[in-house]
Each structure stands twice: as structure tokens, then as C-alpha cells.
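Topology and contacts: notes
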Amino acid sequence: MSSSGDQKRKPMCRSVWLRRQRAKMEHHGSTVSLAGTWGPLCHKGDTKFAENTAPVLELDKFPEDILHHIHSRVPLRDAARAACVSHNFLRSWRHYPNLTFNWKTVGLNMNEGTPYERAQKLLDIIQTIIENHSGTGVKTLKLQVDPCRNVITANQLDIWLQAAVKDGIVELALDLPQFHGPKFNFPCSLLSCAASSLQSLSLSYCAFCPTLMVGCLRNLKSVCLTVVHITEEELGCLFSCALCLEKLEVSQCDEITFLKIPSHLQQLHILRVFLCRRLQVIEVYAPKVSTFSFRGPPMKISISNSSQLKSMTMNGECCSGMFHYALTKLYSIASNLQTLILLSSKEAFDMPAPSHKFLHLRHLKIYCANMKSFDFFSLVSFLKACPVVENFFLSAGRPYIVRQEESILEDSNSDPSRIRCFQEFYHDNLKKVSISGFCSAKSLIELTCQILGTSPSLQCLVLDTTGGYDNTGICENMDRKAIMEALRGVEAIKRYVKGKVPSSVNFKVLEPCDRCHIPKLDVSMQVSDVRGRLA
């Protein structure tokens, strides 16, 4: 056996080699510079040193317009620092085009000081930048000042807007404090100043009262109003000025009772209406609306030209009956849909038989939000109503805690041959099915078996018993009851579903995580007896 000194050493990565060379130079007092190469250090006077040294950009020799363009592409905080060390960049800073103010862009540490001190510091930074800006050249102004709810005043906001919003601005976003903020009336005269250039307008937590005196906003393409005090008459005035509008979002604007989208909005293709509490009727006459998103209770909705409507989201999380509404009313609104997303928190009755069919719908997503009891098997009605649907996603809830009488594992009379099934129903186009929040509910097992037995084109089936994952790929938190129900769901899959999956189907079951979820169970518990793992 060879000695440790004779053993072959692992190759050293370049970063380690560079660190060790720097350490040697510091130890011996060397003044040799490191070249950006893979080879050994070059000595003073070596001709290769000049060849390997990166060229230095002399910014002062660049044309001023190019310098301004470079500066405009730098984030706000870095652009301000550059202005402190360069006269050219200082001149450019006075015309800096992208003013986005929030705690992150100005480098504010939200862990330092009291909330009042942080708010005051943010206001001081904004005030200093606005004062040092020439007021010309601003393309984007975003004031995101929610942390300043107890400090900012309406007078300060008005001064900042008057200084920065001029002809040439493209995007204007005003995000004010949600509570205890100033009662701010957005000055519509600013729109007259920026009428020829403004393309995007976003307002929240303020009053907005446009009139016909605003002028022609011929380039305005996007409008987003969130918790804005505006009436339907004032909104109509805005529509009469913004003839090229492409996207409209109206959220929590409680003064509106009747929303009418006029036919002269020929370019409007995205419409979103969320939680306007007094809203009763929506009428859409714009001819090219292709995407419509709605959140609220079912109400009277009419779309004059529904042939262009391809994607629709109906969110009834805070109310009941959205599934029933979709099966009975939606066809008259949108018969040519290709994508439909539905969400409901309560359904008081079983799903009715569909009276019409969505002959173009290919993607169907259904979310059951916090339902205490629901017959999942009744969702077969949606599959009947969508004969060409290819992708079906169902969220049973996170987590769906099954009552004892609902669980198929507690039903002593349940066996694979006695569960509900529509023998006369077949779905020839369904290819991919995914069910999240899968549990041991008998009706959910019946729905899954119905899909397996009547969908000859099925290619993929995913049954997820977990709570999913967050944006970083970490398992979502599940309490002990949710983990236990997930394990019962895995057992139900083993008993009633697995044997019915054709070999041609890519079948996946997502179980609770051994590292994140299972350790929450009692150590004395025999997990293997409850888990019923799939072979």
C-alpha cells in the first residue's frame, strides 16, 4: 500500500489556485498582477502580460448620447453611485429615465430602525432624487411607498408627480399605502400633460376622477385600477379618451355597479375584473377580448362577440355556486373557449347535466377551495361538457381533510367492483390528468376510476397527496392531520386505483416527504403500516 505522500492528488480548481497564488504574493510582498489566464503567473516585463490584460474602457471618450444610454440601463441605486464619480454620468443622472422608488431599489434595510425611521428615510431619498432631477427625460415613474403609510402626505405626492410626469413619460404607477395613508386625489391634469406618450397607467388606493377634458390618450395601452375611488361614468370618460387600450384591470373598485366595455375599444384583448363588491352587471362590447378573468360572486355577464374569447378564469373563492354557474350559464357567454379555469369554495347541490358542450375547450382547471364536503364524482359533468378537452387539472384542496363517513377506507362495503361509474360515457381526447390534494374521499377515488375506465387516449396520470412545493422547491408545510390523510390517500390509491391503470399510462403518485413531513409523526407510530407504499 502506497503512502499518503505517494497518492495521486486531486486536480486543483482554478479559483483555489488563484487564491493560493494571491496568498503567496502577499506573504512575499510581491507586486505582480494576476493575468486572466489559466497558466502560471507572468512576471514583470513579460510580453504576455500586456496581451492577457483586459482592455480598459475609457468612458470619457464615448459620445454623450451613448453614455446616457448606458447609464439609463443601470439600476437606480447603481446609477446614483455612478453619478457621484463621473461628471458625464452626473449630467446623465439629471435626465435619468427610469425612476422606480421602493425600499429595495434605494437600498433601504428593512431590518434597521423603527418603521417610522425607515419610512422617513425612504421619503428623504425620494425627495433628494426628485429635487436633483431636471424633470425631463423620465420614461418610467413608479412610486411604491406602502411602508410610508404613517409619514407620507398628499402634498408630497402631488409635488413629486408634478415634477416628474411630463410629456414623454411612458409608464406611470402609483402604489400608495393601504391603510392610514393620505386621501389622495390623483391630478387628472397630469394626464393632459402626458397624453401623447403615456402607455401604461397603474393606480392603487387613491381617487381618480377623469373627465372628457383629459384629452386623447392615443398611446395608452394598459390601465390597472386597484382600490380606486371611481364611478362608472368617470370610467366611461377614460374609455372615451383611451381608444387604443389593450389591457384593463379593475380590482376592488366598489363604486362601480355597472361595468360597460364599449365597442370603440377595438384593441382591447385582456379584461380583468376582481372583487368589486357593488358590481352587478358586466357588458362587454369590445370585439377582440380574448382573455377574461373574473373574481367575485356569479352575476350577469354578457359578451357581444364571444367568438374571440379563448381563455377565461372564473374565481368564486369568496362565494358559492361557481361550478353550477359554469355548467348552466357560461356557454352563452363563451362558446369558443380553449382554456377554462374555475374556482369555488361552496356548492350547495350536485352538478347538473350540461345543456351545452364546449366544443373547443382543450385545457380545464378546477380548484376546490376549502370545501368542507363535496362530491368530486359530480365533476364528471364537466368532462361530459368538454368532449375535446386534453388536459384536466383538479385541486381537491390543501389539505382536504376527509370526514370518516366520506373516506373509502372506512366503508366496509366498498370494493373495486361497487364504486360508481357511468358505463355509457367515454372521453376519446383526454390525455393528461393531474389531481392535487389527493385523499381517501370515496367520491375522489370514483372520479379517478371513471377517468381511467373511460379515457382510452390517456397518457399521463399524476396523483399528488402532498401540499406541493414553494418557489424554491422546498416542500410546503403540512400539519400532522394533513400528513395522516395524505398517507391514507396513498393507501386508497394502492387498493382501488393502481390496478386499473393501463400499462400505457405514465402513472405518478406523489407521497409525503420522508425528510419534511414524516418526521412530524410520532416516533412510536409504525409508518410502514399506515403508509401502504406502492410497489
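Position numbers for residues start from 1 in each chain and track the written sequence from start to end. Reporting of local features is limited, given that this is a predicted model, to residues whose pLDDT is at least 70; pairs of side-chain atoms are given and counted only at 80 or more, and all residues count toward the totals for whole chains, interfaces and linings. As a rule here, side-chain values come from all non-hydrogen atoms in the structure, and water together with hydrogens is ignored.

Under an unreviewed UniProt entry, the name given to the protein chain is F-box domain-containing protein, and the source organism is Urochloa decumbens.

Observations concerning the environment of leucine 238
By the secondary structure assignment, leucine 238 is in helix H9 (residues 232-241). Throughout, exposure labels follow a simple rule: accessible area from a 1.4 Å probe, protein chains only, divided by the maximum for the residue type, with under 20% read as buried, over 50% as exposed, and the rest as partly exposed. Look at leucine 238 and you get buried, because its relative accessible area is 2%. Each C-alpha atom, one on leucine 238 and one on valine 223, is 9.8 Å from the other, the two residues being 15 residues apart in sequence. Any two residues having at least one pair of non-hydrogen atoms within 4.5 Å are treated as being in contact. Residues within four places of leucine 238 in sequence aside, it is in contact with Phe208, Pro210, Leu217, Leu220 and Val223. Numbering of helices and strands runs from the N terminus, with a helix taken as a DSSP run of H or I at least four residues long and a strand as a DSSP run of E at least two residues long.

Considerations on the nonpolar core
Definition of nonpolar core: a set of buried residues of the types Ala, Val, Leu, Ile, Met, Phe, Trp, Tyr and Cys, connected through side-chain atoms within 4.5 Å. Counting residues in hydrophobic clusters, the biggest one holds 137 residues, and the most contacted among them are Leu141, Phe186 and Phe208. With near-sequence residues (within four places) excluded, leucine 141 lies in contact with Leu99, Phe101, Leu161, Ala164, Val165, Ile169, Glu171, Leu172 and Ala173. Judged by nonpolar contacts, the second largest core, of seven residues, contains Met478, Ala482, Ile483 and Leu521.

Quick word on the side chain of serine 440
Take serine 440: it is sitting in the loop between strand S16 (432-436) and helix H13 (442-454). When residues no more than four places from it in sequence are discounted, the contact partners of serine 440 are Val402, Glu406, Ser407, Ile408, Leu409, Glu485, Arg488, Gly489 and Ala492.

Some details on the packing of aromatic side chains
Put simply, two rings from Phe, Tyr or Trp (the six-membered ring, in Trp's case) pair if the centres are within 6.5 Å, and we call them stacked under 30 degrees between planes, edge-to-face over 60, tilted for the rest. Tallied over the full model, the rule gives six aromatic pairs. Geometrically, the ring pair formed by phenylalanine 186 and phenylalanine 208 is edge-to-face, given 5.7 Å between the ring centres and 80° between the ring planes. Separated by 22 residues along the polypeptide, phenylalanine 186 in the loop between strand S3 (171-175) and helix H8 (189-193) and phenylalanine 208 in the loop between strand S4 (200-207) and strand S5 (222-229) bring together distant segments of the chain. By relative accessible area, phenylalanine 186 is classed as buried at 4%. Following the ring pairs from residue to residue traces out a cluster consisting of Phe323, Phe374, Phe376 and Phe382.

Re the packing of helix H6 (residues 115-132) against helix H7 (residues 154-164)
Angular values range over 0 to 180 degrees, each being the angle between N-to-C directions of two axes fitted as lines to C-alpha atoms, with helices fitted over their stretch in contact. Taken N-terminus to C-terminus, the directions of H6 and H7 make an angle of 30°; their axes are 11 Å apart at the nearest point. Considered as vectors, H6 and H7 are oriented roughly parallel to each other. Relative to H7, the crossing made by H6 is left-handed. Across the interface between the two elements, Leu123, Ile126, Gln127 and Ile130 of H6 pack against Gln156, Trp160 and Ala163 of H7. When the residues that make up the contact of H6 with H7 are grouped by side-chain class, the tally is five nonpolar, two polar and no charged. These descriptions rest on fixed angle ranges, namely under 35 degrees for roughly parallel, over 145 for roughly antiparallel, 65 to 115 for roughly perpendicular, and the rest for oblique. Whether a crossing is left-handed or right-handed is set by the direction in which the near helix is turned from the far one by less than a right angle, anticlockwise for left-handed and clockwise for right-handed. Only Asp, Glu, Lys and Arg are considered charged in this grouping, and only Ala, Val, Leu, Ile, Met, Phe, Trp, Tyr, Cys and Pro are considered nonpolar; every other residue, Gly among them, is considered polar.

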